[in-house]
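# Understanding the architecture of this molecule
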There are 2 protein chains.
Amino acid sequence: MSKEITSRKDDYAQWYNDIVLKAGLADYSAVKGCMVIKPLGYALWENMRDVLDRMFKETGHQNAYFPLFIPKSFMSKEAAHVDGFAKECAVVTHYRLKNDPNGGGVIVDPEAKLEEELIVRPTSETIIWNTYKDWIQSYRDLPLLINQWANVVRWEMRTRLFLRTTEFLWQEGHTAHATRDEAIEETRKMLEVYATFAEQYMAVPVVRGVKSANERFAGAEDTYCIEALMQDGKALQAGTSHFLGQNFAKAFDVTFRDKENNLDHVWATSWGVSTRLIGALIMSHSDDKGLVLPPKLAPMQVVIVPIFSKDAAAQAKINDTAAALMKTLRANGVSVKYDNDDTTRPGWKFAEYEMKGVPVRIALGARDLENNVAEVARRDTGEKASVSLDGLGEHVIGLLSEIQDNLYNRALTFRTENTRKADSWDEFVKILDEQAGFVSAHWDGTGETEEKIKELTKATIRCIPLNNEQEAGACILTGKPSAQRVLFARAY
Amino acid sequence: MSKEITSRKDDYAQWYNDIVLKAGLADYSAVKGCMVIKPLGYALWENMRDVLDRMFKETGHQNAYFPLFIPKSFMSKEAAHVDGFAKECAVVTHYRLKNDPNGGGVIVDPEAKLEEELIVRPTSETIIWNTYKDWIQSYRDLPLLINQWANVVRWEMRTRLFLRTTEFLWQEGHTAHATRDEAIEETRKMLEVYATFAEQYMAVPVVRGVKSANERFAGAEDTYCIEALMQDGKALQAGTSHFLGQNFAKAFDVTFRDKENNLDHVWATSWGVSTRLIGALIMSHSDDKGLVLPPKLAPMQVVIVPIFSKDAAAQAKINDTAAALMKTLRANGVSVKYDNDDTTRPGWKFAEYEMKGVPVRIALGARDLENNVAEVARRDTGEKASVSLDGLGEHVIGLLSEIQDNLYNRALTFRTENTRKADSWDEFVKILDEQAGFVSAHWDGTGETEEKIKELTKATIRCIPLNNEQEAGACILTGKPSAQRVLFARAY
Ligand SMILES: [Zn+2]
Ligand SMILES: [Zn+2]
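Residues numbered from 1 in each chain as written. Chains lettered and ligands numbered in written order. Predicted model: local features only at pLDDT ≥ 70, side-chain atom pairs only at ≥ 80, totals over all residues. Heavy atoms only, no water.

### With respect to the overall build of chain A
Within chain A one finds 14 helices and 26 strands. Projected onto its principal axes, the C-alpha positions of chain A cover 80 × 70 × 55 Å. Residue burial in chain A is summarised as follows: out of 492 residues, 58% are buried. Look at the contacts in chain A between residues 6 or more apart in sequence, and 68% of them connect residues 24 or more apart. Summed over its atoms, the accessible surface of chain A is roughly 19900 Å², and 47% of this surface lies on carbon and sulfur atoms. In chain A, 60 side chains carry a positive charge and 70 a negative one; their mean positions are 2 Å apart. (Helix = DSSP H or I, 4+ residues; strand = E, 2+ residues; numbered from the N terminus. Buried < 20%, exposed > 50% of the residue type's maximum accessible area, 1.4 Å probe, protein only. Contact = heavy atoms within 4.5 Å. Areas by Shrake-Rupley, 256 points an atom, 1.4 Å probe, with all protein chains shown as cover. Lys, Arg positive; Asp, Glu negative; His and termini not counted. Charge placed at Lys NZ, Arg CZ, Asp CG, Glu CD.)

Structure below.
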């Protein structure tokens, strides 16, 4: 397999696919729209999952697991939800195969037809709220703070590895509260957990905001989101947190008695992030040499490559130096590999680890060691430096931290430079066509205008930023009065 | 909800269900045969998963993720596999719902019929070996050591929480090797990983063995298994490891070039354990007061219950003692909760934590503290002891280890006492009917005899133990010559 990848400039979409395939993150599968997540991609997902899981638990949530299948009738119980989700779904209609009497392998047994079809979950609000009905009777059962790690299926006609696949992995939080205020507080708290994760671990700066009515989750009263900007100037929704009001509680008749023995419906939230985050990670930091990973999430943070020496004493010194360095790094929780495979050359290894996004590479050669130094290369900038063996471990630990910060700052600078104000329709279109990025512009607040703008430019309202500055203006399309700018972009 | 549970003596099956439901491990769901895994059950599964995952990684395996769906035609590619698995499956036939034109909610869109039906994976050999075809060309690509954590679906008519559910969670390892010997070595290595996990973490002694041809996995040349004995004398298969020969490599045409450039088919193994292990854990150790958990897997290892005092100084001393103890325990990696909820009484809490299987309970009362002691109760034996506050933390840590050992030894004694030799048909039937347990007996080695014994007694050959003693004898049913005893039991 050729390890060359298309440059971003030549074909951004192909560059993305090349990275996913050639870094070994994922592969296409025999099932249309479904991918195989390869070991490096899955290790990355495990690291993301472990950090998020810890953050969820620290904020009082517990994990549970609900069925993969949802009875078809559940999908129609919440009026808005059915329009949003009960459409492109995988439908299970039968529960048995049998040998083809005509000898053609196996066929579906027509006698094993389900009375009611089952939907492979596209999201689990319905099956979970049907369960919560049994779990919630009193204010003492609230709040109920549950998260699920699971696979979900949404039948997609046009798929892209990680960004949009028929099956994907995600987590979905589903919480129940006694009051509206508490549910809204939970919705915002989880948005902040996502934003913190994106910025501090993924090194991806995000805009925290609220969706317009058109872009709301089907069944939500408000959808909060974090939006990131990719290197091609397109936005990517990286996580959502929904305030569901009493909609699902009413649809599934989930009530509770408060301290005064009054009966009321429960208030709900749901929130989720998925393997799509891996797509966001790739497109935020990677370059034309391959994947670039933030050290805090990289499955392999440091690789040590020996420049083999034919002199036994010199080679022993290389091995000993590597062993001592690994010991120091591992004692500090750094994941490090010594790649002493002698069937491939150092240059091949360098390219391979660049492709796979290993943040720091250390080359150990006999001559360098004689001078008491090692060559340390950082993946983010490509810089190489001769570093003294004395304190090399501490230097590398500091460098990992520096790379993490640099990736974040670089992405933040990019976003700042690519967030522009537009005050007329022409300006708006010109920015979208010539520069892309976020466009901050006035909007008259109606769904019709939003829809029209989308039709004309393919740009959507990514969000109304939280704590948005209020400023009187005129809608870029209709000229009608507007009280604030909102953030537009073309998006993934 | 009443917290009383049926006793094992009165109704063993009901006792089991009571524990699962009332300890809060799992719940029934709206989807026939599927369960909801509740927070305590899922936390237990997470602990099991984390230990196993570490053991898999230490033996060189990596995780990956393959599609939920399998094209129907894949199921018929391996001749034996199709008979074993392509039967009771969930079949996806359509990919879209639409609004019922007659206003009855949503219906399956007849226009959205799949060209080829998709099966929800009952196990993933076929989709994985279809992928391995692309990943393996040379001996340098081998061994390929991959594991997947996933949900699978097997349509079951009669289900029981954890023990047999339509959907369940599991891990499935799928490895590819250059030689037959290496694949067999892997099969046995992973069996030993499972046995070590069962014995050292679950505190469940297991018999390591090989299945008879009748009980082999569909598509395997040999199925290795670990078998445990439950308190009602029935056996439970706790894990299996399969040597698949070249069957799947041939079915999916997976070949490799060896060092001499010869082309050969790849050798395969697969191995798995599932949430069924939770059923085995429950039935090995629990009692008529509820769940009993081995300390190494218990989500909460220690609970501290204050006996509230109206004297502020005395209550402050209780709180301080709890805080100091928690600090010591947590520093030693012990998970501990201080339950100072003042809306429930200590006696209610004691019963609740007994039900939930918390290994050690510490009661802190003012009078005890004056005497510089605390009351420490162990869940396995129910014993209570007055323990000096000096060194209480160390005492508790030692006690957790003692409980772990005691659970294992108790289960081992039970199994030893319930493993009996039968040398005639009458003796065999009498043991099964009156005492249950494992029965070690001679068998003529034929599938027909095995089948006949199963029809007559409902007992199956659980396994031919590894390193089985060779001993000439006569088959208990046919009297034909036999070279060794095998292990029979009625089983879950
Ligand atoms: Zn109602
Ligand atoms: Zn072939």
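### Regarding the relation of the copies chain B and chain A
Mapping chain B onto chain A calls for a rotation angle of 180° and an axial translation of 0.0 Å; the resulting RMSD is 0.0 Å. Each copy turns onto its partner about a two-fold axis. Proximity to the rotation axis, assessed at the C-alpha, singles out valine 92 of chain B in chain B; its C-alpha lies 2.1 Å from the axis. When the interface residues of chain B are mapped onto chain A, 100% of them again fall at the interface, so both copies present the same face. (Least-squares fit on C-alpha atoms with pLDDT ≥ 70 in both.)

### Here's the deal with empty space enclosed by the protein
Tallying each qualifying case throughout the model produces 3 cavities of 30 Å³ or more. Each pocket or cavity is described by its volume, and for the largest cavity that value is around 320 Å³. Together, 18 residues line the largest cavity, and Tyr42 and Trp149 of chain A together with Tyr42, Trp149 and Ala150 of chain B are the ones closest to its centre. (1 Å grid on protein atoms, 1.4 Å probe; cavity = no way out; pocket = protein on both sides within 12 Å on 5 of 7 lines; lining within 4 Å. Points joined across faces, edges and corners; volume = space filled by probe spheres on them.)

### Comments concerning the sheet that holds strand 17 (residues 302–307) of chain A
Residues and elements named next belong to chain A. Here we have 5 strands laid out as an open sheet, ordered 18-17-19-20-21, and mixed in their pairing. Edge positions in the sheet fall to strand 18 (336–338) and strand 21 (384–388), since each of these pairs with one other strand and no more. If you compare each strand with its neighbour and ignore which way they point, the axes differ by 25° on average. In the sheet, strand 19 (residues 360–365) pairs with strand 20 (residues 373–378) via 4 bridges, with the strands oriented antiparallel. Bridge pairing in strand 20 links alanine 363 to glutamate 375. Where helix 9 (residues 312–331) meets the sheet, its contacts fall on strand 17, strand 18 and strand 19, and the angle it forms with strand 18 comes to roughly 165°. Contacts between helix 10 (residues 346–355) and the sheet are confined to strand 17, strand 18 and strand 19, with strand 17 contributing the most and set at about 170° to the helix. (Pairing = 2+ DSSP bridges. Axes fitted to C-alpha atoms, helices over the stretch in contact; angles between N-to-C directions.)

### Details of the packing of aromatic side chains
Taken as a whole, this structure holds 36 aromatic pairs over all chains when the rule is applied. With centroids separated by 6.4 Å and ring planes inclined at 65°, the aromatic side chains of tyrosine 194 of chain A and tryptophan 271 of chain A adopt a geometry described as edge-to-face. Note that tyrosine 194 of chain A is positioned in helix 6 (residues 180–201) and tryptophan 271 of chain A in strand 16 (residues 267–274), a separation of 77 residues in sequence. Residue classification places tryptophan 271 of chain A among the buried positions, given a relative accessible area of 2%. Aromatic side chains phenylalanine 66 of chain B and tryptophan 135 of chain B sit 5.9 Å apart centroid to centroid with 40° between the ring planes, which places their arrangement in the tilted category. Of the two residues, phenylalanine 66 of chain B sits in the loop between strand 3 (62–63) and strand 4 (69–71) while tryptophan 135 of chain B sits in helix 5 (residues 125–135), which places them 69 residues apart along the sequence. The residue whose ring lies beneath lysine 38 of chain A is tryptophan 135 of chain B, and the NZ or CZ to ring-centre distance is 4.7 Å. (Phe/Tyr/Trp six-rings, centres within 6.5 Å; stacked < 30°, edge-to-face > 60°. Lys NZ or Arg CZ within 6 Å of the ring centre and 35° of its normal.)

### A short note on unusual backbone geometry
Residue and element names in this part refer to chain A. Cis rather than trans, the peptide bond between leucine 142 and proline 143 has omega equal to -10°. With respect to the secondary-structure elements, proline 143 resides in the loop between helix 5 (125–135) and strand 9 (144–153). We note that lysine 458 has phi near 65°; this positive angle belongs to a residue other than glycine. Within the secondary structure, lysine 458 is located in the loop between helix 14 (447–457) and strand 24 (460–465).

### Section: the layout of surface pockets
Reported here for the second largest pocket is a volume of approximately 2200 Å³. Along the wall of the second largest pocket there are 50 residues; nearest its centre are Gln62 of chain A together with Pro39, Lys337, Glu352 and Lys356 of chain B. Of all the secondary-structure elements, those providing two or more residues to the lining of the second largest pocket are strand 3 (62–63), helix 5 and strand 9 of chain A together with helix 1 (12–22), strand 1 (26–28), helix 2 (39–58), strand 18 (336–338) and helix 10 (346–355) of chain B. Looking at the lining of the second largest pocket, the element that brings in the most residues is helix 2 of chain B, giving 5 residues. The residue inventory of the lining of the second largest pocket, partitioned by class, reads 22 nonpolar, 12 polar and 16 charged. (Nonpolar A, V, L, I, M, F, W, Y, C, P; charged D, E, K, R; others polar.)

### Digging into the coordination of the zinc ion (ligand 1)
All names here are of chain A. Around the zinc ion (ligand 1), the protein contributes the donor atoms Asp253 (OD) and His265 (NE2), which lie 2.0 to 2.2 Å from the metal centre. Highlighted residues: aspartate 253 in the loop between helix 7 (247–251) and strand 14 (255–257) and histidine 265 in strand 15 (residues 263–265), separated in sequence by 12 residues. What makes aspartate 253 partly exposed here is its relative accessible area of 42%. (Donors = N, O, S within 2.8 Å, 3.2 Å for Na, K, Ca; no water.)

### A few points about the state of the cysteines
As enumerated under the stated definition, the model contains 0 disulfides over all chains in all. This cysteine, cysteine 89 of chain A, is not joined by any disulfide, and cysteine 34 of chain A carries the nearest cysteine sulfur, 14 Å off. According to the relative accessible area criterion, cysteine 89 of chain A is buried, its value standing at 0%. No disulfide involves cysteine 475 of chain B; its sulfur sits 17 Å from the nearest other cysteine sulfur, which is in cysteine 463 of chain B. Take cysteine 475 of chain B: its relative accessible area is 3%, and that puts it in the buried class. (Disulfide = S-S within 2.5 Å.)

### Some details on helix 2 of chain B
Residue and element names in this part refer to chain B. The end-to-end C-alpha distance of helix 2 is 28 Å, a good match for the 28 Å that 20 residues give at a rise of 1.5 Å each. Burial within helix 2 is extensive, with 14 of its 20 residues counted as buried. Glycine 60 occupies a position one or two residues after helix 2 and carries a positive phi of about 90°. (Expected span 1.5 Å × (residues − 1).)

### What about the domain arrangement of chain A?
Along its sequence, chain A is carved into domain 1 (12–71 + 130–285), domain 2 (302–402) and domain 3 (419–489). Computed from C-alpha atoms alone, the centre-to-centre distance between domain 2 of chain A and domain 3 of chain A is 50 Å. (Domains from an automatic or database assignment.)

### Remarks on the side chain of lysine 349 of chain A
Residue and element names in this part refer to chain A. Examined against the element boundaries, lysine 349 turns out to sit in helix 10. By relative accessible area, lysine 349 is classed as buried at 0%. When near neighbours in sequence (up to four residues on either side) are disregarded, lysine 349 contacts Val305, Phe308, Asp339, Asn340, Asp341 and Thr344.

### Thoughts on the interface of chain B and chain A
Across the boundary between the two partners, chain B contributes 64 residues, which contact 64 residues of chain A. Between chain B and chain A, the buried area comes to about 5200 Å², and carbon and sulfur atoms account for 66% of it. On the chain B side of the interface with chain A, the three residues burying the most area are Tyr65, Tyr95 and Leu97 of chain B, jointly 13% of the side's total. On inspection of chain B and its partner chain A, the count reaches 4 salt bridges. One salt bridge connects glutamate 88 of chain B with arginine 96 of chain A, and the closest N-O pair in it is separated by 3.4 Å. The leading source of residues in the side of chain B that touches chain A is helix 2 of chain B, at 6 residues. Among the residues forming the side of chain B that touches chain A, the class breakdown is 39 nonpolar, 11 polar and 14 charged. Judged from the 3 bridges that link them, strand 5 (residues 91–94) of chain A and strand 5 (residues 91–94) of chain B form a sheet pairing that is antiparallel. Among the inter-strand pairings, valine 91 of chain A is bridged to a residue of strand 5 of chain B, identified as histidine 94 of chain B. (Buried area = accessible area lost by both parts, 1.4 Å probe. Salt bridge = Lys/Arg side-chain N within 4 Å of Asp/Glu carboxyl O.)

### Concerning the pairing of strand 19 of chain A
All names here are of chain A. The buried fraction of strand 19 is high, at 6 of 6 residues. Burial of the side chains of strand 19 extends over both faces: Val360, Ile362 and Leu364 are buried on one face and Arg361, Ala363 and Gly365 on the other. In this sheet, strand 19 lies alongside strand 17 in parallel orientation, the contact comprising 6 bridges. Residue pairing for strand 19: isoleucine 307 is matched across the bridge by glycine 365.

### Considerations on the sheet that holds strand 4 of chain B
Spatial strand order, 4(A)-8(A)-5(A)-5(B)-8(B)-4(B): 6 strands in an open sheet with antiparallel pairing. Two strands bound the open sheet, and with one partner strand each, they are strand 4 (69–71) of chain A together with strand 4 of chain B. Geometrically, the sheet is characterised by an average inter-axis angle of 45° between neighbouring strands, direction not taken into account. Pairing of strand 5 of chain A with strand 8 (residues 113–120) of chain A, which is carried by 3 bridges, proceeds in the antiparallel orientation. Directly across from valine 91 of chain A, in strand 8 of chain A, lies its bridge partner isoleucine 119 of chain A.

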